[in-house]
2 protein chains.
Amino acid sequence: MSDREFAPLGSERVYDGSFISLDVARFRYPDGDEVERAIVRHPGAVGIVCHDDEHLILVRQPREAVGDPDSLELPAGKLEEGEDVMTTAKRELSEEVGLAAEHWEPWTSYYSSVGVMDEEVHVVHATGLHEDPDAEPVEGERIEVVRWPLDDLDGALAATKDAKTIIGLLLLRDRRA
Amino acid sequence: MSDREFAPLGSERVYDGSFISLDVARFRYPDGDEVERAIVRHPGAVGIVCHDDEHLILVRQPREAVGDPDSLELPAGKLEEGEDVMTTAKRELSEEVGLAAEHWEPWTSYYSSVGVMDEEVHVVHATGLHEDPDAEPVEGERIEVVRWPLDDLDGALAATKDAKTIIGLLLLRDRRA
């Protein structure tokens, strides 16, 4: 057994929210050391790199946690309980920007902040875009759809500080190079 | 004023930890709407893309939050109170891998998870590596130094799910292309 193979010893929920929760959990290592960690529990999320031949579809929305009223991001959303990644992706693309897509491809998944949170974000690619006739925009999200020129990915990268958007756009830039 | 310009209404600290804390905060929008957000407060972190002509310097360490005993990552660490990014970067490079560097360059910074946490991660580039004679490894971090072939960045990208490492390696791959 590796000296890094920790075993869970138990966990106390110190905050139980509708979106995230916070656990204080303990772990034991093979050498007998025990550690305590505050861990944010998050349901996971999906971000969608979507574009036609000319434009990347992005959104602007307020992000209170980082003090930014105009955060430029991929269309995205959190996984609902029991929902698979592609179902979430299709739902969010319809709700946030009113579109459906013909072609879907999973690109990567990553952990947002491995030291403190279990959030896993799935980045998927969507093309063959068309208006979704059944789209029902969600009220109250204050989302503005932004059509960004596809040949200015560097400009989009310079205009965002959002992890999922940076990863998605770097992958798109590589594939177009 | 944009209809996305929120104003803070107050905040209650529901967990106060040594590393992260959790606030439940309220905000008001210009149209009168009020929203409540659970926000994780994090001091920020720095990740270091460092290499010589042949090898990338990475680390493996256990990450209890995501259940991975062998997470492959950039050398990294959290900002101490009042510490600037480059001071943190130099300290962590010495503590985690026993190295100092001649050349430092800030590459990017990003927010890990804009919906729920204020963590900002700074990615910096370090070259001109040499052993730090004053290095004092921190005990108890269970960190293994990994020298990864620089011409196999794709392999390193396939072997990690850590956001800061993916962003740092994608930027390095672009600059070497």
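Since the model is a prediction, treat every value here as computed from it, not as a measurement. (Residues numbered from 1 in each chain as written. Chains lettered and ligands numbered in written order. Predicted model: local features only at pLDDT ≥ 70, side-chain atom pairs only at ≥ 80, totals over all residues. Heavy atoms only, no water.)

## Observations regarding the overall build of chain A
1) Next: Within chain A, the secondary structure is distributed over 3 helices and 10 strands.
2) Next: For chain A, the α and β elements follow one another from N to C terminus as β-β-β-β-β-β-β-α-β-β-β-α-α.
3) Next: Projected onto its principal axes, the C-alpha positions of chain A cover 60 × 40 × 30 Å.
4) Next: A burial count over chain A gives 53% of its 177 residues as buried.
5) Next: Within chain A, residue pairs in contact and separated by at least 24 positions form 56% of the contacts whose partners lie at least 6 positions apart.
6) Next: Total accessible area computed for chain A in this model is approximately 8100 Å², and 43% of it derives from carbon and sulfur atoms.
7) Next: Charge centroids of chain A, computed over 18 positive and 40 negative side chains, lie 5 Å from each other. (Helix = DSSP H or I, 4+ residues; strand = E, 2+ residues; numbered from the N terminus. Buried < 20%, exposed > 50% of the residue type's maximum accessible area, 1.4 Å probe, protein only. Contact = heavy atoms within 4.5 Å. Areas by Shrake-Rupley, 256 points an atom, 1.4 Å probe, with all protein chains shown as cover. Lys, Arg positive; Asp, Glu negative; His and termini not counted. Charge placed at Lys NZ, Arg CZ, Asp CG, Glu CD.)

## Observations concerning the confidence of the model for chain A
1) Next: Looking at chain A, the pLDDT average stands at 96 and 99% of residues meet or exceed 70.
2) Next: Here the predicted complex scores 0.97 on pTM and 0.97 on ipTM. (pLDDT = per-residue confidence, 0-100.)

## Remarks on the nonpolar core
1) Next: Counting residues in hydrophobic clusters, the biggest one holds 46 residues, and the most contacted among them are Leu56, Leu58 and Tyr110 of chain A together with Leu56, Leu58 and Tyr110 of chain B.
2) Next: Counting residues in each nonpolar core, the second largest holds 16 residues, with Ala38 and Met117 of chain A together with Tyr15 and Ile20 of chain B among its members. (Core = buried A, V, L, I, M, F, W, Y, C linked by side-chain atoms within 4.5 Å.)

## Things to note about the relation of the copies chain B and chain A
1) Next: Mapping chain B onto chain A is achieved by rotating through 180° and translating by 0.0 Å along the same axis, at an RMSD of 0.0 Å. Here the copies are linked by what is in effect a two-fold axis. Within chain B, serine 112 of chain B has its C-alpha nearest the rotation axis, a separation of 2.7 Å.
2) Next: By residue overlap, the copies meet face to face through one surface: 100% of the interface positions of chain B are interface positions in chain A. (Least-squares fit on C-alpha atoms with pLDDT ≥ 70 in both.)

## Observations regarding the sheet that holds strand 7 (residues 76-78) of chain B
Residue and element names in this part refer to chain B.
1) Next: Taken in spatial order, the 4 strands of this open sheet run 7-4-9-8, and their pairing is mixed. What marks the edges here is a single partner per strand, and that holds for strand 7 and strand 8 (99-111). For this sheet, the mean inter-axis angle between neighbouring strands, taken without regard to orientation, is 25°.
2) Next: This element, helix 3 (residues 163-176), spans strand 4 (45-50), strand 7, strand 8 and strand 9 (120-131) of the sheet and lies at about 110° to strand 8. (Pairing = 2+ DSSP bridges. Axes fitted to C-alpha atoms, helices over the stretch in contact; angles between N-to-C directions.)

## Digging into the interface of chain B and chain A
1) Next: Taken together, the contact between chain B and chain A spans 58 residues of the former and 58 residues of the latter.
2) Next: Of the roughly 5100 Å² buried between chain B and chain A, counting both surfaces, carbon and sulfur atoms make up 61%.
3) Next: At the surface where chain B touches chain A, the tally comes to 14 salt bridges.
4) Next: Where arginine 4 of chain B meets aspartate 70 of chain A, a salt bridge forms, and the shortest distance between an N and an O atom there is 2.6 Å.
5) Next: Remark: the boundary between chain B and chain A carries 28 residue pairs in polar contact (both at pLDDT 80 or more). (Buried area = accessible area lost by both parts, 1.4 Å probe. Salt bridge = Lys/Arg side-chain N within 4 Å of Asp/Glu carboxyl O. Polar contact = N/O pair within 3.5 Å; in protein donor to acceptor, adjacent residues only side chain to side chain.)

## Brief notes about the pairing of strand 4 of chain B
Residues and elements named next belong to chain B.
1) Next: Judged by how many residues are buried, strand 4 sits mostly within the fold: 6 of 6 residues are covered.
2) Next: The sheet contact formed by strand 4 and strand 7 spans 3 bridges and is antiparallel. Looking at the pairing, valine 46 lines up with glycine 77 of strand 7.
3) Next: As judged from the 6 bridges shared by strand 4 and strand 9, these two strands associate in the parallel manner.

## Looking at the side chain of serine 71 of chain B
All names here are of chain B.
1) Next: Structurally, the position occupied by serine 71 is in strand 6 (residues 68-73).
2) Next: When its relative accessible area of 5% is taken as the criterion, serine 71 is described as buried.
3) Next: The residues touching serine 71, leaving out its near neighbours within four places in the chain, are Val59, Arg60, Gln61 and Arg63.

## What to know about the pattern of salt bridges
1) Next: A full pass over the atoms with the stated rule returns 46 salt bridges over all chains.
2) Next: Glutamate 36 of chain A is the salt-bridge partner of arginine 26 of chain A, the closest N and O atoms lying 3.5 Å from each other. One end of the pair, arginine 26 of chain A, is in strand 2 (residues 21-28); the other, glutamate 36 of chain A, is in strand 3 (residues 34-41), and 10 residues separate them in sequence.
3) Next: Here aspartate 16 of chain B and arginine 13 of chain B are joined by a salt bridge, their closest N and O atoms 3.6 Å apart.
4) Next: Residue classification places arginine 13 of chain B among the partly exposed residues on the basis of a relative accessible area of 43%.

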